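# Architecture and fold: a report
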Amino acid sequence: MIIIMKEAATKQDIDAVEKKLTDIGFQTHPIYGEKKTVIGAIGDKRQISMNEILLMNAVENVVPIMRPYKLVSKELIKEKSVIDAGYGVTIGGKQLAVFAGPCAVESREHFLKMARLVKASGANILRGGAFKPRTSPYSFGGLEGEGLKIMREAGDELDMPICTEVMDTRDVELVAQYADIIQIGARNMQNFKLLREVGKINKPILLKRGLASTIEEWLMAAEYIMSEGNDDVILCERGIRTYETSTRNTFDLSAIPVTQELSHLPIIADPSHATGAYKYVGPVAKGAIAAGADGLMIEVHDCPECAASDGPQSLKPEKFDELMKEISTIAAAVGRELEI
Ligand code: PEP
Ligand code: MN
């Protein structure tokens, strides 16, 4: 439920409401507005009658939340969240966030080269996999700790935040030491232990949509993270499994306006994993920005045919550069900005 406090509510009034609720097992999340404070309360509603709260000092109204996700919902937080990734980069504001880099960190020289190139084209966040979720156990699984160090070096050199995936609860601490944004990949979207674990750290989490997940399941996964105290969740639409086989996955364009209607969380699009083919990356990226996405995640590789993973969907740096110019024109047309 949401408790709306009167303008005149004092700190003691707010504390009293919070105490009443936490004493019966609720979690409370106060949001201090300029004039009024609103308290999001999550717990078993059968434990208390709404009237009991309504009669407390300085309580203006009590509103039940209908959706199964609460913290994620716009019913609780109406204003869009703008997430600070560090290095002057935000996600969800006017400026578009462009995460770019190779699928996997392959070597120090290669990653630094790709990082410098994508930055020169206007990307503002570096992406790269150090722990790679691969369908085959015989495929390249990433450089792990070594890969994290390489990414950090590139981020430090170029003054850019870095985003990389964590696949296992046992690696969360290590990945959080190096990364500015931690990715939960599609395959782990419903790994609830992992979601809870990244909910305990104070770094933004990029939550990819599961391979065959509904929007509601995806938002519930975000709720897991937020319920542990981490409010900085970025959604990423990366295509879902359908009966269509011409592309690796089916990009769900409508997920962008739908999630924006349901949630205050920012959403970016990943046309690389959605399509699996470099030639479709540009059109889907442009469509996503036109539809209101807060950014993009794009895989870039200078030698797609020799890439350790996801070569066929990687853009060559020149193509990425051209696309960024087109994206910046579209961004301006929909009231967004992309400095290139
Ligand atoms: C990735 O970003 O490299 C990745 C594996 O993505 P997804 O989880 O969307 O397949
Ligand atoms: Mn990939």
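About the thresholds
Residues numbered from 1 in each chain as written. Chains lettered and ligands numbered in written order. Predicted model: local features only at pLDDT ≥ 70, side-chain atom pairs only at ≥ 80, totals over all residues. Heavy atoms only, no water. Helix = DSSP H or I, 4+ residues; strand = E, 2+ residues; numbered from the N terminus. Expected span 1.5 Å × (residues − 1). Contact = heavy atoms within 4.5 Å. Buried < 20%, exposed > 50% of the residue type's maximum accessible area, 1.4 Å probe, protein only. Pairing = 2+ DSSP bridges. Donors = N, O, S within 2.8 Å, 3.2 Å for Na, K, Ca; no water. Arc of directions from axis to C-beta. Disulfide = S-S within 2.5 Å. Near = heavy atom within 4 Å. Polar contact = N/O pair within 3.5 Å; in protein donor to acceptor, adjacent residues only side chain to side chain. Areas by Shrake-Rupley, 256 points an atom, 1.4 Å probe, with all protein chains shown as cover. Nonpolar A, V, L, I, M, F, W, Y, C, P; charged D, E, K, R; others polar. Domains from an automatic or database assignment.

### Considerations on helix H4 (residues 145–158)
With 14 residues, H4 extends 20 Å from end C-alpha to end C-alpha; this agrees with the ideal 20 Å at 1.5 Å per step. Against the buried residues of H4 lie helix H3 (108–121), strand E8 (125–127), strand E9 (162–165) and helix H5 (172–178).

### Some thoughts on the pairing of strand E14 (residues 295–299)
With respect to burial, E14 is a largely interior element, five of its five residues being buried. Here strand E7 (residues 97–101) pairs with E14 via five bridges, running parallel. Across the sheet, residue Phe-99 finds its bridge partner in E14, namely Met-297.

### Remarks on the coordination of the manganese ion (ligand 2)
Under perfect tetrahedral coordination by four donors, a metal shows angles of 109.5 degrees; under perfect octahedral coordination by six donors, it shows angles of 90 or 180 degrees. Protein-derived coordination of the manganese ion (ligand 2) comes from Cys-103 (SG), His-273 (NE2), Glu-299 (OE) and Asp-310 (OD), at a distance range of 2.0 to 2.4 Å. Positions of the donor residues of the manganese ion (ligand 2) along the chain correspond to the pattern C-x169-H-x25-E-x10-D. In this pair, Cys-103 is assigned in the loop between E7 and H3 and Glu-299 in strand E14, connecting sequence segments 196 residues apart. Each member of the pair, Cys-103 together with Glu-299, is buried.

### Thoughts on helix H8 (residues 255–262)
Within the sequence span of H8, burial applies to Ala-255, Ile-256, Thr-259, Gln-260 and Leu-262. Across the axial projection of H8, the buried residues extend over an arc of 165°, all falling on one side. Buried positions along H8 lie against helix H7 (215–227), strand E12 (233–237), strand E13 (267–269) and helix H10 (278–290).

### So, the state of the cysteines
Enumeration over the complete set of coordinates arrives at one disulfide. Free of any disulfide, Cys-163 has its nearest neighbouring cysteine sulfur in Cys-236, separated by 8.6 Å.

### Digging into the site of ligand 1
Around ligand 1, the surrounding shell holds 13 residues, and the nearest of these are Arg-127, Lys-132, Ala-186, Arg-187 and Arg-238. At 2.6 Å from an oxygen atom of ligand 1 is found a side-chain nitrogen or oxygen belonging to Arg-238. Calculation on ligand 1 without its partners gives an accessible area of 300 Å², and the protein chains cover 97% of this total. Here the residues of the shell around ligand 1 are counted per class, giving three nonpolar, three polar and seven charged.

### Describing the domain arrangement of the protein chain
In many reports, interface size means the accessible area that the parts give up when they come together. If you check the domain split of the protein chain, you get domain 1 (2–63) and domain 2 (83–333). Placing the centre of domain 1 and that of domain 2 at their C-alpha centroids yields a distance of 37 Å.

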